Amino acid sequence: MSNVKNWQLKRDMQYAYDEARPKKQWAIVFDLNKCIACQTCTLACKTTWTSGKGQEYMFWNNVETKPFGSYPLGWDVNVLEKLGKQEWAKNGTYQGKTIFEAAPPEERAVHFAPTDDDWMYPNHGEDDCVGAQNTGGHVGSLPHDKWFFYLPRTCAHCTYPACLAACPRKAIYKREEDGIVLIDQSRCKGYGECVRACPYKKSMYNPYTRVSEKCVGCYPAVEQGIQPQCVVNCIGKIRVMGFINPPWKARKDNPVDYLVHTKQIALPYYPQLGLEPNIYYIPPIHADRAYLRQMFGPMVDQAVDRYRTLAKDPTTAGLLTLIGSTDRILHRFTVNNGVAAGFDERDAELVKVPVVEPVIERPAWDEKLETIRTNTP
Amino acid sequence: MSTDHRLKRRAVIKGLVGLGVATAGTTDAAPLRFLKPLAIDNPLAAYPNRSWERVYRNIFNADSSYVFLCAPNDTHNCLLRAYVKNGVVARIGPTYGYGKAEDLAGNRSSARWDPRICQKGLALVRRIYGDRRVKSPMVRTGFKQWADAGFPRDPKTGAVDQKYMQRGRDTWQRVGWDEAFALSAKAMDNIARTYSGKKGAEFLEAQGYDHSMVEACEGSGMQTLKLRGGMAFLGATRIFGLYRFANMMALADAAIRNVKPDDAIGARGWDSYSWHTDLPPGHPMVTGAQTNDFDLFSVEHSKLCLVWGMNWITTKMPDSHWLTEARLKGTKTVAITVEYSATASKCDEVIVIRPGTDPAFALGLAQVIISKKKYDEAWVSANTDLPFLVRMDTLQPLRPEEVVKGYTAPKLENLDLIAKGQKPPPVTQQKKQVAAEAMAADFKGQVVWNAAKKALTPITRDEMGKTFVKTGVKPDLRYRGSVTLVSGETVEVRTQFDLLAEYLDANLTPEQTEKVTGAPAAAVIALAEDIAKNPEKTIIPVGMGPNQFFNADLKDRAIFLVAALTRNLGFPGGNVGSYAGNYRTAIFGGMPSYVVEDPFNPTTDANAKPKVKKYLHYESLHYFNYGDRPLRQGNTLFTGKGHLPAPTKAMWLNNSNSVIGNVKWHYDVVNNTLPRIEFIAFSDWWWTGSCEYADVVFACDSWAEFKHPDMTASCTNPFVQMYPKGQIKRVFDTKSDMEIIAGVSKALGTLYKDERFAKMWKFVDDDNVEAYLQRIIDDTPGLKGYRVEVLLQKAMQGVPMLVNNRTYPRISSYEQAKGEQPWHTKTGRVEFYRPEQDFLDAGENLVVYREPVDSTVYEPNVIVARPHPAIRPRTPESYGLSRDDQSVEVRQVRNVLKSTDELLASKHPLTSKDYRYIYHTPKYRHGAHTTPVDTDFTGVLFGPFGDVYRRDKRLPSVTEAYVDINPLDAKELGLEDGDYVYIDADPSDRPYRNWKPGTEAYKVARLLLRVRYYPGTPRRITRTWHNMYGASFGSVKGAETRPDGLAKNPLTNYQAMYRSGSHQSATRAWLRPTLMTETLVHKDIFGQVLMKGFAPDIHCPVGAPREAFVKFTKAEEGGLSGRGLWRPAALGLRPTYEREGMKQYLVGGFTKIG
């Protein structure tokens, strides 16, 4: 076991291998206030990658309703039960154990092993809220006293993946150039250790090919400067994929660095598990804080407060209306005078949008074309 | 591979790893010396074996791509990119072209529009190649036998022997295209012939059709042929093609009856928007226009957005980001809803009201605004009819000529009256509203009490908006007085405002509103004040929740009242909109040049303007749904003359599953109405529930395979969208809709030896459908100036163009709010008072609240009102009905007043221990209506019961229907989460009239589905989504006989998602008297022409399909094989079943901070 730095925990921790950060790290930020659970991301991934034999049950990207939904069944309550109640210091230092640190001696990580049946009902819990409703329900303010929210999940291409640590053949690796974690399909023997170890349950066994597979970060697209399928197809425009820096190298004009490190409104999920996951969520402002802190850590309240005052924060508001407007990877963004723009790695402008879409009025009579213009045709 | 096997392996591998061997071989005793071991030090840092990565690159790469248009009835119309490998569409994606769309002036929409797509569009790869594709023309065996036998009939009644009519229980035959066309032509001819003339009328009478309907045929059997292009706006040429066909059938009528063109009648066209119950029927009553709405991105400009009965984020998904982005930039979002819905989770405030009480809630807001004097008096005075005086003796508006001796009305500037026989100007030239001279009396002025001069003052139709302000007249909105008429009589008069205020104060104070709707009084007051504080900035998108109740028109009138009182009508950020399907054909003002081209003189020169002459008649589909009869109760025929349907003996539809498959009262239609219909044809590319009951099914190209272009636009976005041609070969033996219509037409032409039938479709043969499109474009205000080739070129690149409306976004009432144009009403203002006799009779001359007609625990359809001097409806007795008769049929015309307290003390007639649940069926994210809901990839995510491996063999498909019920209600009923339950609605007529237990038909029709504990719905309110494919005779047989147990018809592959029944087992058709008047003045479909009475999709019945009052009966347990609990409940993961860890998890109990 090696000592590695986990900035999400504000401390060092134990991991199976030495710390080795990639040159660039693939990351996605999700604004959960914009997610509508349309499942377009889910189908984009499925129709691209998992429509083959043995993959019928697989959703490398899934969207579940929280708190009652889960795919596979109970994945997060299961791993939290195994890990037990853990504590954060108020200053954001994690004082509890990670899944690696809490692992029994013969294991790499505390884990829950899903059975085949646990993959049934991928969208159970859809729109189920916490709390019963009486007639005359009135939710007058935030947070709501009965609530649910949507949680889209891809593989997090963690800095310290449990799957990678667990593979006895070292058939799982992290790409040096972009941090995408892959299961070598030629070397995997289908032991399923990764399936057991990953707390997020994003490694999946294919009973037809008899090897395991997982989200590939859409590297064939990313290599061409295009965002992953689940991002490109997101009509809620909640996602931005980019390359995140660790906080000591953060660039505030990089969209993902800005949201995660500068504004700190995008938070990793279940950071206490210790994997330093690289998908980050802007928490839903209407959900219960205690539940959100359990999922996103102690920075939740600050994140929610900052989101609720976006009307006075044109840069962040502008960025959150810019995301989703291009299928290409944004390396830099600007918001000036009501216009948000995104740029690629060579600083060429990829897209420019008005933060407020303008109203255009046309004349009631078009002289040239000799026709009326009407809003009630 | 089982878990056990993997565990054994695990032990072996561990052992090997323990020995320090880098395992590079199989677990068999493979010769390790032949394999070179890999040295991997730290897989976080580096990895030596990366050549395998080409696997995913190869999967991702496509050979080519092309663009097609996906356009079901969701209003979005998305250009999608198909990625092709080896000639097969392997996957689909967005085009990212919406940020490049331009208008004629070079204005551009921004990239904030992109991407446009959804999960259903992505799943098209499963449909284009799916096993439910209609693969070739299909003919039902019984129908073919009847045709081959020469269409034999009973000599006395003309009816067809039921042995030929076993729809749903019959076999199918593949036929060639020519045979399909010829069969259809012969059948149509035989039917039109049979029912023409005196003998035809006798047959229809003998068969029991209402006499008024037989008369409506006017001796032409062609009237019994009904055509419908489903939501025709979705396809300007191919879907509207069936209406063009209907018009063309005047040629056949002329041949059959041997009459001249002037006396010929075309076939009948059925409505779309109103048929779907999408039309908000009160909109024409208030604004005169079909629907008041706005492109949804208008929400950008609002400060307060009331998402009212509209599950925006599940039904308008590509436009949801506009809502969430407006919210993050500072717009306050409020959901007015009947449960904690998906959209509620995106709102700052959520107000839950009892389903169907929307008019009461809106009137309650109005009461606060009026009583606290928060209304914009100047705006109300200038733009509404509220200041006008009403005579309390006649309840008619006081008229200038009644109080000013020798009054002559000035000529109106804002309206052109045209003489009989004179045609209005072309739509592109209609700078002003137009009406027939014969309607002059409808536009007479009204009278106000001018407080500035203390005198009665006439106000003309011209005097609205800024023109009115210029007059300096200051109406006293609360005036009451005695007036001496020119005739010498003295009458009491009061303002409409004052009459309304009296009604509101007596019946819908905040406390009363709380009792009726369930919303807390404090919330009503706070919201009313919020709206009043945000004039021009309160935007109110209203959805189909409240529209699918019997009182829908009252809901519209009431919501407009709130908007008008607070100056929130016609502004970019302040307006009322109603959202459902894609109806706004009016955007294509040039449609008549295509639809009603004169078939007797078709123009085959692509550059020449076609002659137009309208031969087809339209009617509302609701009479068919209602049992093919009008509304006749007691001694009265409530269906106005212009509305009367003809008997349905033949029907042909395309792009539609709502008329049989997902029709409300489906099993009544199947068992009681279809047997009387002699020819049923559908054109479709997917085998739907409608195809299950057809006689002929024409196999269509899917959107990805189009061989002819087409065009559509939208009521929710500003784009004109072309359908580019597909770039793959046809997968099956299919034809384009246009070729199919042309084919039947040509077969008819052969029958009648008339080449005009073929000429009507010449451009199809020439592969020049563009010519029809250009004709439409040239006559359309928003498109004139575009070339169809350019539009298609752009579409092929994935880029749409903008419609050149008055504004971007398109905003209804914009010109009216600016005072440039009047509203399309009698007074030119928004109207809240309806003086017409039908409304007086119904007690709805004022905007009042009526209880729902079935979905209520109280007495249905009562008018909630204390006695009021202006509410004087016709009583049940006056119609020859008993006052106590609350049966389903009589309920529709029952006018009984009850005060708020009396209402709350009353009960639904079915109330008993068992019947006490409201059951409603709105729409959801996993389907667009029923398109494409049975697809496996989307279906498995539709709700909680999806299992792609169907471990529970009872599952009808990979997913199944369910009812959402409050957990406490379920527990009371002894129902566990996941159990199967029967739902039964009013047994007098549901699931269908004259149902008998123990029959096959009843077994197929009785609603059976899963229970899902849904905490978000209030007690007694239960819900199933509207979208799923219901059970058919074949699907039930499939479940019984197939080895896999799928509810899939072994003969047709029809895939049901219910084991039996459907959500439509609980619904029925309802006909509302105020929607069948001859007297309502409103804008016609196209252009600025004002008309009166029936108009399809504007003024006709809408059906109320959400209403049902039901009981639940447990059927089976939810666990696998019918024993025990459904697994998620058994695992302790479900509401009320939570295990200890789950309880801790729900409150965030696994984390402690500090």
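Within any chain, residue numbers begin from 1 and follow the written order of that chain's sequence. Each chain is given a letter, starting from A, and each ligand a number, starting from 1, according to the order in which they appear as written. It should be noted that, the model being predicted, local features are given only for residues of pLDDT at least 70 and side-chain atom pairs only at 80 or more, the latter also being counted only at that level, while totals for whole chains, interfaces and linings use all residues. Here the side-chain values reflect all heavy atoms present in the structure, with hydrogen atoms and water set aside.

1. Concerning the overall build of chain B
For clarity, the threshold we go by: Here a helix means four or more residues in a row that DSSP labels H or I, a strand means two or more in a row labelled E, and each is numbered from the N terminus. Restricting the calculation to C-alpha atoms gives the radius of gyration, and the globule rule supplies 2.2 Å times the number of residues raised to the power 0.38. It only takes one pair of heavy atoms within 4.5 Å for two residues to be counted as in contact. Each accessible area is a Shrake-Rupley estimate made with a 1.4 Å probe; only the visible protein chains count as cover when residues are assessed.
Helix and strand counts for chain B stand at 41 helices and 41 strands. The globule rule puts the C-alpha radius of gyration for 1154 residues at 32 Å, and the 31 Å found for chain B is close to it. Its C-alpha atoms put chain B at 120 × 85 × 65 Å along the principal axes. Once local pairs closer than 6 in sequence are excluded, the contacts in chain B between residues at least 24 apart make up 75%. As displayed, chain B offers around 34300 Å² of accessible surface, 52% of which is attributable to carbon and sulfur atoms.

2. A look at the interface of chain B and chain A
Interfaces are often sized by the amount of accessible area the parts lose when they come together. Keep this limit in mind: When two parts are put together, the accessible area they lose, computed with a 1.4 Å probe and summed over both, is reported as buried area. By definition here, a salt bridge exists when the distance from a side-chain nitrogen of Lys or Arg to a carboxyl oxygen of Asp or Glu is within 4 Å. Side-chain classes follow a simple rule in which Ala, Val, Leu, Ile, Met, Phe, Trp, Tyr, Cys and Pro form the nonpolar group, Asp, Glu, Lys and Arg form the charged group, and the remainder, Gly included, forms the polar group. A pair of strands counts as paired when DSSP detects no fewer than two bridges linking them.
The interface is formed by 165 residues belonging to chain B together with 162 residues belonging to chain A. Regarding the contact of chain B and chain A, the summed buried area is about 13900 Å², with carbon and sulfur atoms giving 56% of it. Our enumeration of links across chain B and chain A arrives at 14 salt bridges. When the shortest N-O distance is used, the salt bridge between Asp103(B) and Arg362(A) registers 3.0 Å. Element by element, the count of residues in the side of chain B that touches chain A is highest for helix 13 (residues 320–328) of chain B, at seven residues. Class assignment for the residues of the side of chain B that touches chain A results in 82 nonpolar, 44 polar and 39 charged. Here strand 5 (residues 86–88) of chain A pairs with strand 41 (residues 1151–1153) of chain B via three bridges, running parallel. In the sheet register, Trp88(A) faces strand 41 of chain B, and the bridge partner there is Ile1153(B).

3. Concerning empty space enclosed by the protein
Residues and elements named next belong to chain B. Note the cut-off: Cavity and pocket criteria rest on a 1 Å grid covering protein atoms alone: a 1.4 Å probe that fits but cannot get out defines a cavity, protein on both sides within 12 Å along at least 5 of 7 lines defines an open pocket, and an atom within 4 Å of a point defines a lining residue. Grid points are joined across faces, edges and corners, and a volume is the space filled by probe spheres set on the points.
Computed from the structure, the largest cavity encloses a volume of approximately 630 Å³. Taken together, 47 residues form the lining of the largest cavity, with Met 310, Asn 311, Thr 315, Pro 922 and Lys 923 sitting closest to its centre. Among the secondary structure elements, those contributing two or more residues to the lining of the largest cavity are helix 12 (312–315), strand 9 (332–337) and helix 21 (544–547). Taken together, the residues of the lining of the largest cavity sort by class into 20 nonpolar, 17 polar and 10 charged. Estimates place the volume of the second largest cavity at around 420 Å³. Around the second largest cavity sit 33 residues that line it, and Asn 655, Ser 656, Asn 657, Asp 684 and Thr 931 are the ones nearest its centre. Looking at the lining of the second largest cavity, its residues break down into 12 nonpolar, 15 polar and six charged.

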